[in-house]
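Here's the letter readout for the chains.
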Protein chains: 4
Amino acid sequence: MPTGSAEPARAVRQRRKEARPHELLAAALEVFVEKGFATSRSEEVAARAGVSKGTLYLYYPSKEELLKAVIRHYLGEEVRAGALEVARHEDAEPAVLFGVLADWWQRVYDSPASGVFKLIMTEARNFPDISAFYLSEVIEPGSRLIGQMLERGVQRGRLRPMNIESVTHSVILPMVMLCLHKHAVGACMQLPERSFEPAQFIRDHIALVLRGVSVDDSLPK
Amino acid sequence: MPTGSAEPARAVRQRRKEARPHELLAAALEVFVEKGFATSRSEEVAARAGVSKGTLYLYYPSKEELLKAVIRHYLGEEVRAGALEVARHEDAEPAVLFGVLADWWQRVYDSPASGVFKLIMTEARNFPDISAFYLSEVIEPGSRLIGQMLERGVQRGRLRPMNIESVTHSVILPMVMLCLHKHAVGACMQLPERSFEPAQFIRDHIALVLRGVSVDDSLPK
Amino acid sequence: MPTGSAEPARAVRQRRKEARPHELLAAALEVFVEKGFATSRSEEVAARAGVSKGTLYLYYPSKEELLKAVIRHYLGEEVRAGALEVARHEDAEPAVLFGVLADWWQRVYDSPASGVFKLIMTEARNFPDISAFYLSEVIEPGSRLIGQMLERGVQRGRLRPMNIESVTHSVILPMVMLCLHKHAVGACMQLPERSFEPAQFIRDHIALVLRGVSVDDSLPK
Amino acid sequence: MPTGSAEPARAVRQRRKEARPHELLAAALEVFVEKGFATSRSEEVAARAGVSKGTLYLYYPSKEELLKAVIRHYLGEEVRAGALEVARHEDAEPAVLFGVLADWWQRVYDSPASGVFKLIMTEARNFPDISAFYLSEVIEPGSRLIGQMLERGVQRGRLRPMNIESVTHSVILPMVMLCLHKHAVGACMQLPERSFEPAQFIRDHIALVLRGVSVDDSLPK
DNA sequence: CATGAATGAGCATTCATTCAT
DNA sequence: GATGAATGAATGCTCATTCAT
């Protein structure tokens, strides 16, 4: 038996085997966001990843664990990237930092990761693990990051004194909502007439908040 | 023959029959928001309304129709009330109108109706009817109302020229998100330390946006 | 209170009360034949008789008892009538007796009683009472009647010697089958092209059998 | 590595998978005929085929489709076989052809296929598909076959001129009725005293009709 | 490792029957 | 008597999970 043909095959097999978890997570995210966790059939996840039902269970012991893995994977990754980005501009002007923020949201909104927010809102209550993870790995660090950003701006006299908590949420909540909307109503209905432009909204909203918190003489004329 | 004893009995029966739909809708909203539509058992809805499984189906032909009825009932009611409220202050100052808005959101947030927003985000994609209803009965009239409010402010020189669309969403989205959060992560996790106060946030956020769109010299010093 | 208006009302009520059982049986026969016993809803029977669900149970203690009453009523009645008719022509020629038979079948076929045969074939196995009733009240006396008719013809030299049992069934079975067909396939499909005429068939079939059992020289030329 | 132990296992599995549909159809026919379609529990069908509820639905998407498959399978098969048989004797004497007919009916009566006639009478009205199938696949070709047989007999001067339609039905209807009876009254009641012998009846009836339609001088003395 | 046939717990829905009015 | 609201047992069907191949 010639091994010449087997070796590349093994290589491909090897590659597949390593790629599997990612393929499965991607497929699962897609299906879960589309149909909701409870109404998603594990067979469809498997099919969309190009494997059979049985194979899915080789990698994740249950549908629930798969869900948690999806959330951990996609959210952890994006948040870490965002934190690094902000850290790199630590000393920048508020306007610059807000720009970095807008960029990050734009990226998240455009990526599949945006769907994870829908999953969290949908499933958090059924799976407290998810709430805990979301709180400790996303909300907490995210809020701290933005809070520090705002506080530094205040200290430097570029931003007005404010309720840091509230403003932080004023920045974050509409962005999360935008992601949710994209995968909920937005996915099955076209907004009518004067259609809504997410990319524009992200910039506009960040700018609006910036204006709202800036000291008067730093406002753009 | 004294009918005195029969009358109240009939009255009670009658009252129940009329009250049933509302009791069922309330129970359904509760359960659907808590567990998600797909994982809610119709028997639990019935039980929480104090009736048996079968009775539920005497009033709503299917779980799905029950869901739609819940959304139509709670959302329609609140939106109508809000529209009337705003209409009554048609000529008021932007600040006053924003105050009316904040009050309305506060009421919705505190009422069970807040859960409907979670239902919509959760189920819209599976039941396009819901998306259509939400768009035509909530988003459309709500946006128009706020849009007009903003435009009038601009015309009178109290508000800066702005992208009406974006600002409208900047006002609405975080409020919707707040409702969602209340019934998702918020329902099973206590926010830690510097705890988040929704009532405060509603006021702060509305004020922030107001500041962001006001002409400079009308800003509170 | 004037009793003048009450008296006729009582009379009507009385009349209704007495007519009820028949109205219910007629409605039940109709519905049972149409939908099959198991798929018939007792509410529909009641509705078709113009009363409410509850009233039905005032007259018959269960759906099953209603079924048995239907069969007993319609079948007993027709068979008794047929027996009398035949008895009245006891001494007639075979040809005349066969004519009486054809007339009886024609009447049964045209009346709602035809449906009872479907009910029996459909439900006999689930309710052995029905089989027993059918056997003892219909098959037994009917066969005996026809058997005697044939035997007398043989004794008088008008009919050939034959297997009485078989011929009896040759007479009866297609007639029963005709009734069944009327309420089964015949009720939801039109026979195509050279359409089948039941009235004609009844005559033809009886004639065919008569010819088959007649002594050669009594055959119509 | 010896594959000797793996092969039979796969073979068994394979064999089961191929055999399943037939096993299920056989079990379904049995149960449906016994209890009636509506009162048959799909779980019992599965159990009688030796599999679990879920497996049934792996092969047939619903109880209704299973019913149609049963009818199509059993009836189609038998009718095709009968047609071939008759075709093979195309030029034979009427008496021979009638013998072939009697044989076919005897086979059908003895086989489980006889139950299908009960199913058709029972369910046709609830499922018009079944009526259509029965008409086009059984009644139509069957009648044509017998009609041609009779016509050829007339042309050759062996049979009297007759109403072909009626005689065709005189041949068929009692046979169908016999099948019905076997699974209805016959299945739960023993005919008393001078017991009825189906095999004898089939021969006798065919002979009776043959005698009824033969030209006088060809009648058996 | 991968497959997909088989399983059976779980749930929506129906409807005969009851009973307060 | 008559009504129809309420009940809950019964059953079709789905789908996560297992395991023999």
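Quick caveat, the model's predicted, so the values are computed rather than measured. (Residues numbered from 1 in each chain as written. Chains lettered and ligands numbered in written order. Predicted model: local features only at pLDDT ≥ 70, side-chain atom pairs only at ≥ 80, totals over all residues. Heavy atoms only, no water.)

Asker: Can you help me understand the overall build of chain A in this one?
Answerer: For chain A, the helix and strand inventory stands at ten helices and zero strands. Scanning chain A from its N terminus toward the C terminus, one meets helices and strands in the order α-α-α-α-α-α-α-α-α-α. Looking at chain A as a whole, 50% of its 221 residues qualify as buried. Restricting the contact set of chain A to residue pairs at least 6 apart, pairs at least 24 apart contribute 70%. With the model as given, the accessible surface of chain A reaches about 10,500 Å², and the carbon-plus-sulfur share is 54%. (Helix = DSSP H or I, 4+ residues; strand = E, 2+ residues; numbered from the N terminus. Buried < 20%, exposed > 50% of the residue type's maximum accessible area, 1.4 Å probe, protein only. Contact = heavy atoms within 4.5 Å. Areas by Shrake-Rupley, 256 points an atom, 1.4 Å probe, with all protein chains shown as cover.)

Asker: Sorry, what's going on with the interface of chain C and chain D here?
Answerer: Often the size quoted for an interface is simply the accessible area lost on bringing the parts together. Between chain C and chain D, the contact holds 56 residues from the first and 56 residues from the second. Of the roughly 4,900 Å² buried between chain C and chain D, counting both surfaces, carbon and sulfur atoms make up 65%. Our count for the contact surface shared by chain C and chain D stands at zero salt bridges. Taken together, chain C and chain D are joined by twelve residue pairs in polar contact (both at pLDDT 80 or more). Contributing elements (two or more residues each) for the side of chain C that touches chain D: helix 1 (6-35), helix 6 (114-123), helix 7 (128-155), helix 8 (164-183), helix 9 (185-188) and helix 10 (198-213) of chain C. If one sorts the elements of the side of chain C that touches chain D by residue count, helix 8 of chain C sits on top with twelve residues. Its residues assigned to classes, the side of chain C that touches chain D shows 28 nonpolar, 15 polar and 13 charged. (Buried area = accessible area lost by both parts, 1.4 Å probe. Salt bridge = Lys/Arg side-chain N within 4 Å of Asp/Glu carboxyl O. Polar contact = N/O pair within 3.5 Å; in protein donor to acceptor, adjacent residues only side chain to side chain. Nonpolar A, V, L, I, M, F, W, Y, C, P; charged D, E, K, R; others polar.)

Asker: Help me out: how do you make sense of the interface of chain B and chain A in this one?
Answerer: The interface is formed by 56 residues belonging to chain B together with 57 residues belonging to chain A. Surface buried jointly by chain B and chain A totals about 4,900 Å² across both partners, of which 65% is contributed by carbon and sulfur atoms. Linking chain B with chain A are zero salt bridges, by the criterion used here. Seen at the junction of chain B and chain A, the total is twelve residue pairs in polar contact (both at pLDDT 80 or more). Where the side of chain B that touches chain A is concerned, the elements lending two or more residues are helix 1 (6-35), helix 6 (114-123), helix 7 (128-155), helix 8 (164-183), helix 9 (185-188) and helix 10 (198-213) of chain B.

Asker: Help me understand the relation of the copies chain C and chain D in this model?
Answerer: Between the two copies of the chain lies a relationship made up of a rotation around an axis and a movement along it. Overlaying chain C on chain D yields an RMSD of 0.1 Å, the required transformation being a rotation through 180° with an accompanying axial translation of 0.0 Å. Both copies are brought into coincidence by an operation consistent with a two-fold rotation axis. Residue by residue, 100% of the interface of chain C is reproduced at the interface of chain D, so both copies engage with the same surface. (Least-squares fit on C-alpha atoms with pLDDT ≥ 70 in both.)

Asker: Help me understand the relation of the copies chain B and chain A, please; the structure alone is not making it clear to me.
Answerer: Between chain B and chain A, which share one sequence, the superposing operator has a rotation angle of 180° and an axial displacement of 0.0 Å; the RMSD is 0.1 Å. Most of the interface of chain B is mirrored in chain A: 100% of its interface residues are interface residues there too.

Asker: Help me out: how do you make sense of the side chain of Ser214 of chain B in this one?
Answerer: Examined against the element boundaries, Ser214 of chain B turns out to sit in the segment after helix 10. A polar atom in the side chain of Ser214 of chain B sits 2.7 Å from the backbone oxygen of Leu210 of chain B.

Asker: Mind showing me how you'd approach the UniProt feature "DNA-binding region" (unreviewed entry) in chain A here?
Answerer: According to UniProt, the "DNA-binding region" (unreviewed entry) feature falls on residues 41-60 of chain A. Between the C-alpha atoms that bound residues 41-60 of chain A the distance is 14 Å, and the span itself is 70% helix and 0% strand. (UniProt positions renumbered as here; feature names shortened; annotations may be inferred.)

Asker: When you look at the protein's contact with DNA strand F in this model, what are you seeing that I'm missing?
Answerer: Around DNA strand F there are 37 residues in total, and Arg20, Thr55 and Tyr59 of chain B, Thr55 of chain C together with Tyr57 of chain D lie nearest to it. Sugar and phosphate atoms represent 70% of those atoms of DNA strand F found within 4 Å of the protein. Contact distances for DNA strand F include 3.1 Å between a base nitrogen and a side-chain N or O atom of Lys53 of chain B. Those elements that place two or more of their residues in the surface near DNA strand F are helix 3 (53-59) of chain A, helix 1 and helix 3 (53-59) of chain B, helix 1 and helix 3 (53-59) of chain C together with helix 1 (6-35) and helix 3 (53-59) of chain D. (Near = heavy atom within 4 Å.)

Asker: Is there a simple way to explain the packing of aromatic side chains in this structure?
Answerer: Aromatic rings considered in pairs are described by the distance between their centres and by the relative angle of their planes. Under the counting rule described, the total for this entry stands at 23 aromatic pairs over all chains. The aromatic ring of Tyr109 of chain A is capped on one face by Lys182 of chain A, whose charged end is 4.9 Å from the ring centroid. We note Lys63 of chain B situated over the ring of Phe37 of chain B; from NZ or CZ to the ring centre the distance is 4.7 Å. (Phe/Tyr/Trp six-rings, centres within 6.5 Å; stacked < 30°, edge-to-face > 60°. Lys NZ or Arg CZ within 6 Å of the ring centre and 35° of its normal.)

Asker: Help me understand the environment of Leu119 of chain B in this model?
Answerer: Residue and element names in this part refer to chain B. Inspection of the secondary structure assignment puts Leu119 in helix 6. Assessed through its relative accessible area of 2%, Leu119 is described here as buried. For the pair Leu119 and Ile130, spaced eleven residues apart in sequence, the C-alpha separation works out to 9.4 Å. Ignoring anything within four residues of it in the chain, the contact list for Leu119 reads Leu29, Phe32, Val33, Leu67, Val70, Ile71 and Ala124.

Asker: I'm lost on the pattern of salt bridges in this one. Help?
Answerer: Proximity of charged atoms lets side chains of opposite charge pair with each other. In this structure the tally under the stated criterion is 54 salt bridges over all chains. Residue Glu64 of chain B is joined to Lys68 of chain B by a salt bridge in which the shortest nitrogen-to-oxygen separation is 3.4 Å. Taken together, the residues span about one helical turn, with Glu64 of chain B and Lys68 of chain B both in helix 4 (residues 63-88) at a distance of four residues. Its relative accessible area of 32% is what places Glu64 of chain B among the partly exposed residues. Three or more residues are tied together by salt bridges with common partners; here these are Glu30, Glu34, Lys35, Glu44 and Arg48 of chain A.

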